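Structure at a glance
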Amino acid sequence: MDRDAILFANEAFYRAFADRDPAAMEDLWAKDAPVVCIHPGWAPLTDRETVVASWRAILTGRNAPDIKCRNPRVFQHGETAIVICFEMIGAGFLVATNCFVRQRGRWKMVHHQAGPTNQDPPADSDNDNEPGGPVN
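Residues numbered from 1 in each chain as written. Predicted model: local features only at pLDDT ≥ 70, side-chain atom pairs only at ≥ 80, totals over all residues. Heavy atoms only, no water.

**Looking at the pattern of salt bridges**
Considering all chains together, one arrives at 8 salt bridges under this definition. Two residues, D2 and R102, come together in a salt bridge whose shortest N-O distance is 2.8 Å. Placement of the pair is D2 in the segment before α1 (3–19) and R102 in strand β4 (residues 92–103), with a sequence separation of 100 residues. What makes R102 partly exposed here is its relative accessible area of 25%. Notably, a salt bridge pairs D27 with R106, separated by 3.4 Å at the nearest N-O pair. Pair noted here: D27 is in helix α2 (residues 22–28) and R106 is in strand β5 (residues 106–116), with a separation of 79 residues, a long-range link. We classify R106 as partly exposed; its relative accessible area is 45%. Salt bridges sharing partners connect three or more residues here, namely D2, E79 and R102. (Salt bridge = Lys/Arg side-chain N within 4 Å of Asp/Glu carboxyl O. Helix = DSSP H or I, 4+ residues; strand = E, 2+ residues; numbered from the N terminus. Buried < 20%, exposed > 50% of the residue type's maximum accessible area, 1.4 Å probe, protein only.)

Spelled out as structure tokens, the structure:
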């Protein structure tokens, strides 16, 4: 299992977000596989150039949100991995799905989707990226 490497890739995504680093964000997204991103309230973005441009606009915008990842859970099947987690924004939460594929030995993002949830993360998820559940 590559749980730690997958969680590292997921953390790199949220670190790029926190650092407002468009270059780091661009580097996270796969170049050799189809990518999809669905920002909350947006239509699906289905090509890498558009996905990267959307992140550049978000990260360099005046109102870029402060997001923290909570309770990531890894589900791996071969060269594909899914991380589900909660995104803490202020006092509220979104639920997110982040999908990765292994390319040239590194886990690269191919899908991100976040949306509203009526559930808060479990109480034991106060620490970012602590082991959060099953690895399949």
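**Some remarks on helix α3 (residues 48–60)**
For α3, with 13 residues, the first-to-last C-alpha span of 18 Å sits near the 18 Å given by 1.5 Å per residue. What α3 keeps buried is the set V51, V52, S54, W55, I58 and L59. Here the buried residues of α3 occupy an arc of 155° about the axis, which is enough to place them on one side. Residues of α3 that are exposed and angled more than 90 degrees away from the buried face: E49 and T60. Tucked into the core, α3 has its buried residues touching α1, α2, β1 (36–38) and β5. The opening residue of α3, the one whose side-chain oxygen lies 3.3 Å from the backbone nitrogen of E49, is D47. (Expected span 1.5 Å × (residues − 1). Arc of directions from axis to C-beta. Contact = heavy atoms within 4.5 Å. Polar contact = N/O pair within 3.5 Å; in protein donor to acceptor, adjacent residues only side chain to side chain.)

**Here we look at the packing of aromatic side chains**
Following the criterion strictly, the structure yields 4 aromatic pairs and no others. Relative to Y14, the ring of F13 lies with its centre 4.8 Å away and its plane at 80°, an arrangement referred to as edge-to-face. Across this residue pair, the class does not change: F13 and Y14 are buried. On the basis of an interplanar angle of 85° and a centroid distance of 6.4 Å, the ring pair of F86 and F93 is categorised as edge-to-face. Of the residues examined, F86 reaches a relative accessible area of 10% and is grouped as buried. Each member of the aromatic cluster is reached from another via a ring pair, and the members are F13, Y14, F17 and W55. (Phe/Tyr/Trp six-rings, centres within 6.5 Å; stacked < 30°, edge-to-face > 60°.)

**As for α1**
An ideal rise of 1.5 Å per residue puts 24 Å on 17 residues; α1 measures up with 24 Å between its terminal C-alpha atoms. Those residues of α1 that fall on the buried side of the exposure criterion are R3, I6, L7, A9, N10, F13, Y14, A16 and F17. Looking at the buried positions of α1, the neighbouring elements they touch are α2, α3, β2 (67–77), β3 (80–89), β4 and β5. Taken from the residues just after α1, R20 is the one with a positive phi, measuring 55°.

**Thoughts on the side chain of K108**
Mapped onto the secondary structure, K108 falls in strand β5. A polar contact is formed between the side chain of K108 and the backbone oxygen of D27, at a distance of 2.5 Å. K108 has contacts with D27, L28, W29, A30, C99, F100, V101 and Q103, leaving out every residue within four places of it along the chain.

Keep in mind these numbers describe shape, not what the thing actually does.
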